[in-house]
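Coordinates in review
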Amino acid sequence: MTIWRGEQPLILASQSAARRMLLAGAGITFDAAPADIDERGIQQRSNLTAPGDIAALLAEQKAAFVSLRHPGRYVVGADQTLSVGDRLFNKPTGRDQAAQQLRDLSGKTHELHSAIAVACDGATLFSHVSVAHMTMRQLDDAAIDAYLDAAGDRVTTSVGAYQLEGLGVHLFELIEGDHFTILGLPLLPLLKFLRGEGMIGI
């Protein structure tokens, strides 16, 4: 017995394994269709500087882009920004950059802004941004090297060079925020919206 009541599956405009896991765990029937957009170009042209605003814009752009290729379908776009003060971080391009990001984040509290948007036929129907505060423990070079050796290439797939649902949990001493926000998909606001649209039977 499925709880999904939509005429067609939801579309997730993301290739994130964590986001797919969250939707599947919540019993949502969905297809995945990653959005091939120029995120950094869109960000630069927008002239936005607030991390939450940037995440919201990119989530909306991803949802709109994919929804135009799937007429009549509801599409969820998501984006996440990591910042310390005015400095924004991007996904590391390799081990050396990952190590430098971890040195820069060591002993500090950073913010994760996670945004979601739902679009249909290019129009945004819903958007939401949540924030989590993440305090990394003090890391010396030996600890960083040990973590990178254990985590492998996965560190380049997430901003900040960690996945909290995996070995990245060892990097932290304090976390304040919603678990779903940290994994990049504020799930409760999304479920509330979909329930309001009559797409969930619980």
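Residues numbered from 1 in each chain as written. Predicted model: local features only at pLDDT ≥ 70, side-chain atom pairs only at ≥ 80, totals over all residues. Heavy atoms only, no water.

Some points on the overall build of the protein
In terms of helices and strands, the protein carries seven helices and seven strands. Put simply, the protein runs from its N terminus to its C terminus through helices and strands in the order β-α-β-α-α-β-β-α-β-β-α-β-α-α. Radius of gyration (C-alpha) of the protein: 17 Å, near the 17 Å computed for a compact globule of 202 residues. Across its three principal axes, the protein shows a C-alpha extent of roughly 55 × 40 × 25 Å. Counting all 202 residues of the protein, 48% fall into the buried class. Partitioning the intrachain contacts of the protein with sequence separation of at least 6 by distance along the chain shows that 66% fall at a separation of at least 24. (Helix = DSSP H or I, 4+ residues; strand = E, 2+ residues; numbered from the N terminus. Rg over C-alpha atoms; globule rule 2.2 N^0.38 Å. Buried < 20%, exposed > 50% of the residue type's maximum accessible area, 1.4 Å probe, protein only. Contact = heavy atoms within 4.5 Å.)

Notes on the environment of G168
Structurally, G168 is set in the loop between α5 (141-151) and β7 (172-176). With a relative accessible area of 1%, G168 lands in the buried category. Remark: the alpha-carbon pair of G168 and Y147, spanning 21 residues in sequence, is separated by 8.1 Å. Setting aside chain neighbours within four positions, we find G168 in contact with Y147, Y162 and Q163.

Looking at the packing of aromatic side chains
Tallied over the entire structure, the rule returns three aromatic pairs. Seen in terms of ring centroids, Y74 and F193 are 6.4 Å apart; in terms of plane orientation they differ by 25°. Their pairing is stacked. One end of the pair, Y74, is in the loop between α3 (51-67) and β3 (75-84); the other, F193, is in helix α7 (residues 187-196), with 119 residues separating them in the sequence. With respect to burial, Y74 and F193 carry one shared label: buried. Ring centres of Y162 and F172 lie 4.9 Å apart, and the angle between their planes is 75°; on these two criteria the pair is classed as edge-to-face. In this pair, Y162 is assigned in the loop between α5 and β7 and F172 in strand β7, connecting sequence segments 10 residues apart. Comparing Y162 with F172, the two get one shared label, buried. Through successive ring pairs, a cluster of aromatic residues spans Y74, F126 and F193. Its end group placed over the ring of F65, R69 keeps NZ or CZ at 3.7 Å from the ring centre. (Phe/Tyr/Trp six-rings, centres within 6.5 Å; stacked < 30°, edge-to-face > 60°. Lys NZ or Arg CZ within 6 Å of the ring centre and 35° of its normal.)

Things to note about α3
Between its first and last C-alpha atoms α3 spans 24 Å; for 17 residues at 1.5 Å apiece the expected length is 24 Å, and the two agree. Counting buried positions along α3 gives 12 out of 17 residues, so the element sits mostly inside the fold. For α3, every residue scored as buried is listed here: P51, G52, I54, A55, A56, L58, A59, K62, A63, A64, V66 and S67. Next to the buried residues of α3 lie β1 (10-12), α2 (39-46), β3, β4 (87-89), β5 (109-120) and β6 (123-136). (Expected span 1.5 Å × (residues − 1).)

Quick notes on the UniProt feature "active site" (unreviewed entry) in the protein
Following the UniProt record, one finds the feature "active site" (unreviewed entry) at D79. Positionally, D79 belongs in strand β3. The contacts of D79, once residues within four sequence positions are left out, are R19, E39, A55, L58, A59, K62, H113, S114 and A115. Engagement of the side chain of D79 in a polar contact is seen with the side chain of K62, the distance being 2.8 Å. (UniProt positions renumbered as here; feature names shortened; annotations may be inferred. Polar contact = N/O pair within 3.5 Å; in protein donor to acceptor, adjacent residues only side chain to side chain.)

A few points about the environment of D79
Since its relative accessible area comes to 5%, D79 is described here as buried. As for D79 and I182, which are separated by 103 residues in sequence, their C-alpha atoms are 11 Å apart.

A word on helix α4 (residues 95-105)
Where α4 is concerned, the buried positions are A98, A99, Q101, L102, D104 and L105. Those residues of α4 hidden inside the fold are in contact with β3, β4, β5, β6 and α5. Immediately downstream of α4, the backbone of G107 shows phi near 75°, a positive value.

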